[in-house]
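Residues per chain are reported as follows:
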Amino acid sequence: MVDSELAAILRAVLDEVCEGVSRHEIGIRTHVACKLLEAATRGETSVDVLRQIGRAALTGAPTMWR
């Protein structure tokens, strides 16, 4: 379970990683959010590591979403 503090961190990292992605690109943002949430559920809480995971998810998103 993700507490409110971690949820705020995840939201901030998602917004930072996806700053160049339109809010209308729901598929891409959802893909990145899912990868961040998976990492957080495994216990990853380091902002730097979450940023790396988010960036990797963004570059690894299927091309039809970009």
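Residues numbered from 1 in each chain as written. Predicted model: local features only at pLDDT ≥ 70, side-chain atom pairs only at ≥ 80, totals over all residues. Heavy atoms only, no water.

Asker: In this structure, what is going on with the side chain of H31? I would like to understand it.
Answerer: Positionally, H31 belongs in helix α2 (residues 26-41). Of the residues examined, H31 reaches a relative accessible area of 17% and is grouped as buried. For H31, the side chain forms a polar contact with the main-chain oxygen of A57, separated by 3.4 Å. (Helix = DSSP H or I, 4+ residues; strand = E, 2+ residues; numbered from the N terminus. Buried < 20%, exposed > 50% of the residue type's maximum accessible area, 1.4 Å probe, protein only. Polar contact = N/O pair within 3.5 Å; in protein donor to acceptor, adjacent residues only side chain to side chain.)

Asker: Looking at this structure, how should I read helix α3 (residues 47-59)?
Answerer: Owing to its 3.6 residues per turn, the α-helix brings residues three or four apart onto one side. Compared with the 18 Å implied by 1.5 Å per residue over 13 residues, the 18 Å span of α3 between its first and last C-alpha is a close match. All buried positions along α3 are accounted for by L50, G54, A57 and L58. Relative to the axis of α3, the buried residues are bounded by an arc of 100 degrees and lie together on one face. Looking at α3, the residues exposed on the side facing more than 90 degrees away from the buried face are D48, Q52 and T59. Where the residues of α3 are buried, they touch α1 (4-17) and α2. (Expected span 1.5 Å × (residues − 1). Arc of directions from axis to C-beta. Contact = heavy atoms within 4.5 Å.)

Asker: Explain the nonpolar core to me, please; I cannot follow it from the model alone.
Answerer: The tendency in soluble globular proteins is for nonpolar side chains to be buried side by side. Grouped together as the largest cluster of nonpolar side chains are 15 residues, with contacts concentrated most on L10, V17, C18, V32, L36, L50 and L58. At the level of elements, α1, α2 and α3 are the ones that each hand at least two residues to this core. In this structure, V32 is in contact with L14, V17, C18, G54, A57 and L58, ignoring residues within four places of it in sequence. (Core = buried A, V, L, I, M, F, W, Y, C linked by side-chain atoms within 4.5 Å.)

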